[in-house]
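Each chain, letter by letter, is given below.
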Amino acid sequence: MISARRALLVSSAFTAAALMTLLTPGSAGARFAPDVVTIDPVGKVAPNGTLTLTGTYQCSVSRTEPVFVGSKVTQNGAQANVGGTVATCDGREHIWSNTGDTAGDFRAGVAVGEATLLALEPSGALMPVLVVVATDYRGLSLLRGQNFPS
């Protein structure tokens, strides 16, 4: 009886240790990373008005639906969506970069930027639903230069 109880305790301890390895963030076996997006504090504006925004994102491998990184910028009342990137959801941190033509509405200087991680989730209706998974909002410095994308 004692040896059966001891075997059960040892088995339970190994099972608990295995589960902790799978579920603890940062562990080698972690499968479910948090969904996070950031936007860098500096954006680039080309002479023709093309904007480039960058940052990082991380999304969980448990996400099977398509995920995207969207970004936008606001400056002096003007607002523009700046490109979009398809995200790779593997639990690791990735760099994103979005570039978009803004018709010259933006200049070097202070602006506000937003990055959004969006998932295209199935719904009971015919069309999937776009769901905001994570957002980062911050003040930006837009820098102007000749070597930026045109």
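As the structure is a prediction and not an experimental result, all values here were calculated from the model. (Residues numbered from 1 in each chain as written. Predicted model: local features only at pLDDT ≥ 70, side-chain atom pairs only at ≥ 80, totals over all residues. Heavy atoms only, no water.)

## Description of the overall build of the chain
Piece 1. Tallying secondary structure elements over the chain gives one helix and eight strands in all.
Piece 2. In sequence order, the secondary structure elements of the chain are arranged as α-β-β-β-β-β-β-β-β.
Piece 3. Across the chain, contacts joining residues at least 24 apart in sequence account for 67% of those joining residues at least 6 apart.
Piece 4. If you sum the accessible surface of the chain, you get close to 9,100 Å²; carbon and sulfur atoms cover 60% of it. (Helix = DSSP H or I, 4+ residues; strand = E, 2+ residues; numbered from the N terminus. Contact = heavy atoms within 4.5 Å. Areas by Shrake-Rupley, 256 points an atom, 1.4 Å probe, with all protein chains shown as cover.)

## Digging into the side chain of Thr-116
Piece 1. The residue Thr-116 is located in strand E7 (residues 109-121) in this model.
Piece 2. The buried category is assigned to Thr-116, whose relative accessible area is 11%.
Piece 3. A polar side-chain atom of Thr-116 sits 3.3 Å from a polar atom in the side chain of Glu-114.
Piece 4. Every residue in contact with Thr-116, bar those within four places of it in the chain, is listed here: Val-37, Phe-68, Val-69, Gly-70, Val-132, Ala-134 and Thr-135. (Buried < 20%, exposed > 50% of the residue type's maximum accessible area, 1.4 Å probe, protein only. Polar contact = N/O pair within 3.5 Å; in protein donor to acceptor, adjacent residues only side chain to side chain.)

## Considering the pairing of strand E4 (residues 67-75)
Piece 1. Summarising the sheet, E4 and E7 pair through eight bridges and their orientation is antiparallel. Residue Lys-72 lies in a different strand from E7, and its bridge partner there is Glu-114.
Piece 2. Of the pairings in the sheet, the one linking E4 to strand E5 (residues 78-86) comprises seven bridges and is antiparallel in character. Paired with Val-69 across the strands is Thr-85, a residue of E5.
Piece 3. Connecting E4 to the antiparallel partner E5 that follows it, the hairpin turn spans two residues, and Asn-76 within it adopts a positive phi of roughly 50°. (Pairing = 2+ DSSP bridges.)

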